[in-house]
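What the coordinates show
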Amino acid sequence: MTRPSPFGHPFLLGFDEIEQALDRVAKAANDGYPPYNIERLPRTEREPERLRITLAVAGFTRDQLDVTLEESQLIVRGRQADDKSRTFLHRGIAARQFQRAFLLADGMEVLGADLSNGLLSIDLARPEPERIVRRIDIGSRDGD
């Protein structure tokens, strides 16, 4: 059974990519690791309004984390390898891998990433929307 598309209305033209993006986000939302926050940082005299994504990545080093921008997706990957030289009597902290993807709006800019105290913070700049008003000339096909 297919669900009706919210973008199937005749007034919504060219929104196919948004619908596909929403489907991708819905599928990726089921994985809860690593936990993360997204906060809005206010505009200052020197910096525009920003967004900060903070992921709890305790136990990962900078070398085990990878942050990439692939088209409009910000992808954070973590890879830990098992240390075969250690013998555990109890193992409650597993070496694990993860991938977390965030879909960015057009024009979003990644400013940088920082790892401190087990928290990976990624700052994004929200672009100032440019107000565009353009006059459209009306032609005639009547031969006038």
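Keep in mind the model is a prediction, meaning the values are calculated, not measured.

For the rest of this paragraph, the subject is the overall build of the chain. When helices and strands are tallied, the chain shows 1 helix and 7 strands. Sequence-ordered secondary structure for the chain, helices as α and strands as β, is α-β-β-β-β-β-β-β. Relative to its 144 residues, the chain shows a buried fraction of 21%. At a minimum sequence separation of 6, the contacts of the chain that also span at least 24 residues come to 46%. Counting only carbon and sulfur atoms, one obtains 49% of the accessible surface of the chain, whose full area is about 12000 Å².

Below, the discussion takes up the packing of aromatic side chains. Counting across every chain of the model gives 3 aromatic pairs. Where Tyr36 meets Phe102, the ring centres are 5.2 Å apart and the plane angle is 85°; that geometry is what we call edge-to-face. One end of the pair, Tyr36, is in strand β1 (residues 36–41); the other, Phe102, is in strand β5 (residues 98–103), with 66 residues separating them in the sequence. Given the relative accessible area of 9%, Phe102 is considered buried. On the numbers, 5.3 Å between centres and 85° between planes, the contact of Phe60 with Phe98 is edge-to-face. In this pair, Phe60 sits in the loop between β2 (50–56) and β3 (65–70) while Phe98 sits in strand β5, placing the two residues 38 residues apart along the sequence.

Below, the discussion takes up the sheet that holds strand β4 (residues 73–78). With respect to topology, 3 strands assemble into an open sheet ordered β3-β4-β5, the strand pairing being antiparallel. The two strands at the open ends of the sheet, each matched to only one other strand, are β3 and β5. The mean inter-strand angle of the sheet, taken between neighbouring strand axes irrespective of direction, is 15°. In terms of strand pairing, β4 meets β5 through 6 bridges, oriented antiparallel. By the bridge assignment for β5, Leu74 is matched with Phe102.

Counting buried positions along β4 gives 6 out of 6 residues, so the element sits mostly inside the fold. Note that β3 and β4 share 6 bridges and pair antiparallel. Within the sheet, the bridge partner assigned to Glu70 lies in β4 and is Gln73. Between β3 and β4, which pair antiparallel one after the other, the connecting turn spans 2 residues, and Glu71 there sits at a positive phi close to 55°.

Basis of the calculations
- Residues numbered from 1 in each chain as written.
- Predicted model: local features only at pLDDT ≥ 70, side-chain atom pairs only at ≥ 80, totals over all residues.
- Heavy atoms only, no water.
- Helix = DSSP H or I, 4+ residues; strand = E, 2+ residues; numbered from the N terminus.
- Buried < 20%, exposed > 50% of the residue type's maximum accessible area, 1.4 Å probe, protein only.
- Contact = heavy atoms within 4.5 Å.
- Areas by Shrake-Rupley, 256 points an atom, 1.4 Å probe, with all protein chains shown as cover.
- Phe/Tyr/Trp six-rings, centres within 6.5 Å; stacked < 30°, edge-to-face > 60°.
- Pairing = 2+ DSSP bridges.
- Axes fitted to C-alpha atoms, helices over the stretch in contact; angles between N-to-C directions.

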